[in-house]
Amino acid sequence: MNETDIQNGLSPEEAAKRAAEGRVNGSAEIKTKSVSQIIRDNTLTFFNFLNIVLVTLVFVFSKDLNDIKNAMFIAIIFCNTGIGIFQEIRAKRTIDRLTLISAPKAHVIRGGTELEIPNSGIVEGDLTVFRSGMQACADSRVVWGDCEVNESLITGESDPINKKAGDMILSGSFVISGEVRAVAEKLGAESFANKITSGAKYLKKAESKMMTAINTILKGISIIIIPLMLLQIANGVFWAKPEQTFNDAVLSSVAAIIAMIPEGLVLLTSVVLAVSAIRLAQNKTLVQNLYCIETLARVDVLCLDKTGTITEGSMQVAETMCLDCTEEELNEGMTALACALSDTNPTFAAVKEHWSGESPLRAADTVPFSSARKWSGANFGEKGTYVMGAGEFILKDKFAPLKKTAEDFAAGGRRVIMLAKAASDFDGKELPGDIKPLAFIAITDKIRAEAPATLKYFAEQDVDIKIISGDNPLTVSCVAQKAGVKDADRYIDASTVENIGEVVDDYTIFGRVTPPQKLELVKALKAKGHTVGMTGDGVNDVLALKEADCSIAMQSGSEAARNVSNLVLLDSNFASMPKVVAEGRRSINNVERSASLFLSKTTYSVLFAIIFVIIQTAFPFKPIQVTLINTLCIGLPSFLLALQPNKELVRGSFISNVIRKAIPNGVSAVIALMAGLAWCRSAGFTQDQISTVLAYVLGAVSFMIVLLACDPMRPWKIGMMAGLIGLFLFGSLYLGWFFSYVPFTEEMVLVTAVVVGCGSVFTLLCNMAVNKIIDRIQKKKKGVA
């Protein structure tokens, strides 16, 4: 490339032409559903279709306008669907906005002007500019300047590598010092990083135990619901005494089916997860897969890299050792070098932070650090020349007597540099001949201030930590011990292991791990029944991130790692993880709690419908009565309870936890209703009076079920219960003409009060008995284990 091309790069017209030809790095990917998909997924469901059929039946078989009010349940369905669509679109827009904001940018020269463009907009032949801190997103050949790059995101090794004209800067590399201009040669799928991650480019179906359980429940309900409806119609017309007209039989069957449908369950789950995504976005966490919120709450093994999670990715001065100088001379020399040099590598940054004062010495000449020299220095005229760097490169053969001292000083995996001094100046870029050692300086990784507390949190939550790193295992072990990782002294060099899966339970620290070994390690943990979470920031982490049950990437890491991860920590702060886990627990525990309310309703409705067919009695409720009970006794409290804080540990399987609550609640409700029905019949109540009394009994038992779900009780929950009961009483007493409740007689009041009281107490006792039995079984299992 000639001098003009190095200054001007491609013309805007040429760049546009190459982009049109497809010679471009790739388009930015938005991973959320489209608005049309969200609308379709929320509207085109089996239960929505069933509700449309039911409302059509109401309109067709209503005798007059008074019967048409029984179609009011469809308004609740429309409202539920609208809320679900609104919340999902809101979550989508929040996630899309964060995705675009967090998308990495590149600097290119086009037409002689430096531009900042999305990485996806780089075209083949673009003249890219790399400065300290920038990351390469395409394989580019250096045409001007020199720099040092860190390829740890690709190889796992953090040693800087020098790049000059003619050298290739690989995608995924970070520039740590210097400035270069390089021509983009291999883009998109052809780049080195993309070839490494090609093994991660398979479709991995989002797994959700919660949604799998809910879908199983809904599938079972959908199988029985149509036969039960037909039986209800036949029962009302042919078998029930007194017999119903066909129109009345259809309306009572619609009421039975409405009661069975857990119409808000899927919507509730979608809303809870969407709200969680919005809350996490407010805490600088980008959710790229809604179901991963649930998965992270179930994680029992978390695989971490040392850099970016336990450590900041920067260094700090840990200790100094004077060899042939005083502390005052050491500080004078290091402060002078810190002021004179402009190196940008992590070691010098630690030096500059430690010796941050002003120096009276003025440099006459400087030699910057390079990975080839392994040292840097400055001449200060009469004060002589100070040099710092690797002792064996500064003293060369004269370093042998100090080697053992340096090794002992480096104990614990610390990096040791030497301060040396000479009276004479540099010979070009070569060291003076009279150089002599003054001191050793120990540099160590800077542990994140919040890391110990975060690691302690996971230990308290019974989450095992595995540290997987490309660095020396001893170094990683020492850092992990300082950060408080449990069993951090159990480490192994993965390069000495043929099958890492066989030793995965034996060690906590895995050093010198290759990308294939990371993948093998994650697979081995999953094969042992663990739910595996993994954090990573490099291209070398991508295969394992893709395989993990829940993957978390740092925003400061590689684009490849972010693309395959479920979650992206936008502040690159590992301390955000407890918030994410807490949000997952809130989602699972609250949906589980609310699902038990919906399934309690479904349980007693199915049992009630079957029993009424067996005893050949018409279903006593009207659709409008069921709508009031469903809305105030189940629907509203389910949504309110689903959004409350909840940090409890996730225990047991979702479906078993829901069923253990739903079945005793449903059975209690049926027993109370049947007792009420028997009393009403013996008292000679009319059908409308029976319907009113049983609706009150069902409402009261449903409120007791909600009350049990409110544990632990809070003031706002007491207020919620009072408000809902008040609305129910207002609707049934003052709007009874609309909701088909007839006025109470004295005998109706007595029957209702006794059955409601006994039914509520029985529901409470039934729940206590079931919980006691289950606790006893679990204790026996633990005793056997």
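As the structure is a computational prediction, the values presented were derived from the model and not from experiment.

Caption draft 1: Highlighting helix H14 (residues 346–354). Of the residues making up H14, those classed as buried are Thr347, Phe348, Ala350 and Val351. Along the axis of H14, the buried residues cluster in a sector spanning 155 degrees; they form a single face. Looking at the buried side of H14, the elements it contacts are strand E10 (311–322), helix H13 (327–340), strand E13 (385–389), strand E14 (415–422) and strand E15 (436–447).

Caption draft 2: Focus on the pattern of salt bridges. Following the criterion strictly, the structure yields 21 salt bridges and no others. The salt bridge partner of Glu114 is Arg131, with a shortest N-O separation of 2.9 Å. Taken as a pair, Glu114 in strand E2 (residues 113–118) and Arg131 in the loop between strand E3 (127–130) and strand E4 (139–150) lie far apart in primary sequence, 17 residues in all. Taking relative accessible area as the criterion, Arg131 reaches 27% and is therefore assigned partly exposed.

Caption draft 3: Looking closely at the pairing of E13. Taken across its five residues, E13 has five buried, putting it largely inside the fold. Of the two faces of E13, the one holding Thr385, Val387 and Gly389 and the one holding Tyr386 and Met388 are both buried throughout. Sheet topology note: the strand E12 (residues 375–379)/E13 ladder contains five bridges and is antiparallel. Across the sheet, Gly377 pairs through a bridge with Val387, a residue of E13. Linking E12 back to E13 in an antiparallel pair, the connection comprises five residues, with Gly381 at a positive phi of about 65 degrees. Of the strand pairs in this sheet, E13 and E14 are connected by five bridges, and their pairing is antiparallel. Within the sheet, the bridge partner assigned to Val387 lies in E14 and is Ala420.

Caption draft 4: Fine view of the environment of Lys579. In this structure, Lys579 sits in helix H22 (residues 577–614). Between the C-alpha atom of Lys579 and that of Asn472, which follows or precedes it by 107 residues, the distance is 31 Å. Once residues lying within four places of it in the same chain are set aside, the contact partners of Lys579 are Leu280 and Asn283.

Caption draft 5: Main features of the environment of Val142. Within the secondary structure, Val142 is located in strand E4. C-alpha of Val142 to C-alpha of Val129: the two residues are 13 residues apart in sequence and 9.6 Å apart in space. Not counting the four nearest positions on each side in its chain, Val142 is found in contact with Lys163, Lys164, Ala165, Gly166, Asp167, Ile169, Val180, Arg181 and Ala182.

Criteria and thresholds
- Residues numbered from 1 in each chain as written.
- Predicted model: local features only at pLDDT ≥ 70, side-chain atom pairs only at ≥ 80, totals over all residues.
- Heavy atoms only, no water.
- Buried < 20%, exposed > 50% of the residue type's maximum accessible area, 1.4 Å probe, protein only.
- Helix = DSSP H or I, 4+ residues; strand = E, 2+ residues; numbered from the N terminus.
- Arc of directions from axis to C-beta.
- Contact = heavy atoms within 4.5 Å.
- Salt bridge = Lys/Arg side-chain N within 4 Å of Asp/Glu carboxyl O.
- Pairing = 2+ DSSP bridges.

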